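Here is what each chain is made of, one letter per residue.
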Amino acid sequence: LLSSAPSQSNVQPISFRMALLIPLVVLLAATMLTSALTVSVDWWYPLRVVLTAGALALLWQHYRSIAFRLSWFAVAMGVLVFLFWLLLVPDDPFESSAITEQFQGLPSSLLIAWLLFRTLGAVITVPLVEELAFRGYLFELLGSDRKANGGKRFPWLALIVSTVLFGLLHSAWIAGMLAGVAYGLVRQRNDNVADAFVAHATTNGLLSAYVLTTGNWSMW
């Protein structure tokens, strides 16, 4: 006879910290997959958005304690990062021209669909996933901002580590590190990772609008 199944599962529930990190792991894995299939334009980019959004949806119950809101300070910092990004990351006209040629051979309906997914990823899924990991998970792990007397100290270690790793994730690593500092300060101001997401989404939203209106595709 087969033995009966145990009454309780041995599977441990996902912790809040791990829920902050898992979507980034999914995004990086999806990026590696789509990049391997890419020559010049990542036509498989929508797959990144779908897989990442799926991970966020499955784990969303863990994020209910995060106060998602509109912070004007976060918006202002996002605009500032966007301006610095324009100064530090110039367009590559040869790459942009090559991408434009690829677009010209695509049916308009497919091109519009791809651009919508590309914009959605840039403005929503990527900023949310990266902020949950860098200004969420790492600040939770390394913050230790409580003093012995009950006060709070600035979490320098979390800011430095998250800034360096965030910068190295971007090809324009200097601009990436400056952005990481800004988003870390936004996160720490109200002790809310959602504010960092608002700042990051503002930056990427402005950058997406700039790219779509100028055709400087290499900056995307």
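Check the entry above for the structure.
Rules and cut-offs
- Along each chain, residues carry numbers from 1 onward, in the same order as the chain's sequence is written.
- Where local features are concerned, this predicted model is filtered to residues with pLDDT of at least 70; where side-chain atom pairs are given and counted, the filter is 80 or more; whole-chain, interface and lining totals use all residues.
- Note: side-chain values were computed over all heavy atoms of the structure, leaving out hydrogens and water.
- A run of DSSP states H or I qualifies as a helix once it reaches four residues; a run of E qualifies as a strand once it reaches two. Both are numbered from the N-terminal end.
- Any two residues whose heavy atoms approach within 4.5 Å at even a single point are treated as in contact.
- As used here, the term nonpolar core means buried Ala, Val, Leu, Ile, Met, Phe, Trp, Tyr and Cys residues forming a set that is joined through side-chain atoms within 4.5 Å.
- Only protein chains enter the accessibility calculation, which uses a 1.4 Å probe; a residue whose area is less than 20% of its type maximum is buried, one above 50% is exposed, and one in between is partly exposed.
- Salt bridge criterion: a side-chain nitrogen from Lys or Arg within 4 Å of a carboxyl oxygen from Asp or Glu.
- Surface patches are defined over residues having more than 30% relative accessible area and no salt bridge, joining like charges when they lie within 9 Å and nonpolar side chains (Val, Leu, Ile, Met, Phe, Trp, Tyr) when within 5 Å.
- For the area figures, the Shrake-Rupley method with a 1.4 Å probe applies, and any residue is considered shielded solely by the protein chains shown.
- Here a pair means two rings of Phe, Tyr or Trp (six-membered ring of Trp) with centres within 6.5 Å. Their orientation is stacked below 30 degrees between planes, edge-to-face above 60, and tilted elsewhere.
- A positively charged side chain is recorded as over a ring if its NZ (Lys) or CZ (Arg) lies within 6 Å of the ring centre. The angle to the ring normal must also be within 35 degrees.
- A helix is expected to reach a length of 1.5 Å times the quantity of its residues less one.
- Geometry is summarised by axes, namely lines fitted to C-alpha atoms with helices restricted to the contacting stretch, and by angles between N-to-C directions that run from 0 to 180 degrees.
- Angular relationships are summarised with four words: roughly parallel below 35 degrees, roughly antiparallel beyond 145, roughly perpendicular across 65 to 115, and oblique for the angles in between.
- Left-handed describes a crossing whose near helix is turned anticlockwise from the far helix through less than a right angle; right-handed describes the clockwise counterpart.
- For this classification, Asp, Glu, Lys and Arg are treated as charged, while Ala, Val, Leu, Ile, Met, Phe, Trp, Tyr, Cys and Pro are nonpolar and the rest, including Gly, are polar.

### Brief notes about the side chain of Ser71
Point 1. Position of Ser71 relative to the elements: it lies in the loop between helix H2 (45–59) and helix H3 (72–88).
Point 2. Other than its neighbours up to four places away in sequence, Ser71 contacts Asp195 and Val198.

### A short note on the nonpolar core
Point 1. Tyr63, Ile66, Phe103, Leu132, Tyr183 and Trp217 are the most contacted members of the largest nonpolar core, which totals 50 residues.
Point 2. Elements supplying a minimum of two residues to this core: helix H1 (16–36), H2, H3, helix H4 (93–104), helix H5 (108–142), helix H7 (173–189) and helix H8 (193–214).
Point 3. Beyond its immediate stretch of four places on either side in the chain, Leu132 contacts Leu20, Leu56, Tyr63, Ile66, Tyr137 and Val193.

### With respect to the pattern of salt bridges
Point 1. Taken as a whole, this structure holds four salt bridges when the rule is applied.
Point 2. Taking the shortest distance from any N to any O, the salt bridge between Arg69 and Asp195 comes out at 3.0 Å. Residue Arg69 is located in the loop between H2 and H3, and its partner Asp195 is located in helix H8; the two are separated by 126 residues in the primary sequence.
Point 3. Overall, the relative accessible area of 40% leaves Arg69 in the partly exposed class.
Point 4. Looking at Asp195, the relative accessible area reads 1%, which means it is buried.
Point 5. The closest approach of N and O atoms between Arg135 and Glu131, which form a salt bridge, is 2.7 Å.

### Considering a nonpolar patch on the surface
Point 1. There is a patch of nonpolar side chains on the surface, built from Leu80, Phe84, Leu87, Leu88, Trp156, Ile160, Val164, Leu165, Leu168, Trp173, Ile174 and Leu178 and spanning about 1200 Å² of accessible area.
Point 2. For the nonpolar patch, the elements supplying multiple residues, two or more each, are H3, helix H6 (156–168) and H7.
Point 3. When residues of the nonpolar patch are assigned to their parent elements, the largest contribution, five residues, is made by H6.
Point 4. Following the sequence through the fold, Leu88 ends up in helix H3.
Point 5. Classification of Leu88 as partly exposed rests on a relative accessible area of 41%.

### Thoughts on the packing of aromatic side chains
Point 1. For the structure on display, the rule yields twelve aromatic pairs.
Point 2. Here the aromatic cluster, defined as three or more aromatic residues joined through ring pairs, consists of Trp43, Phe103, Trp114, Trp217 and Trp220.
Point 3. Taking NZ or CZ as reference, Arg135 lies 4.4 Å from the ring centre of Phe166, over its face.
Point 4. In this structure, Arg189 is placed above the aromatic ring of Phe73, and the distance from its NZ or CZ to the ring centre is 4.3 Å.

### A few points about H3
Point 1. Compared with the 24 Å implied by 1.5 Å per residue over 17 residues, the 24 Å span of H3 between its first and last C-alpha is a close match.
Point 2. Along its buried surface, H3 packs onto H7 and H8.

### Re unusual backbone geometry
Point 1. For Asp191, which is not glycine, the phi torsion reads 55 degrees and is therefore positive.
Point 2. The topology assignment puts Asp191 in the loop between H7 and H8.
Point 3. With relative accessibility at 42%, the residue Asp191 sits in the partly exposed group.

### Section: the packing of H1 against H2
Point 1. The N-to-C vectors of H1 and H2 enclose an angle of 165 degrees; their axes lie 9 Å apart at closest approach. As far as their axial angle goes, H2 and H1 are roughly antiparallel. H1 and H2 meet at a crossing whose hand is right-handed. Two secondary-structure elements touch here, H1 through Ala19, Ile22, Pro23, Val26, Leu27, Ala30, Thr31, Leu33, Thr34 and Ser35 and H2 through Leu47, Arg48, Leu51, Thr52, Ala55, Leu56 and Leu59.
Point 2. Of the residues assigned to the contact of H1 with H2, the class counts are twelve nonpolar, four polar and one charged.

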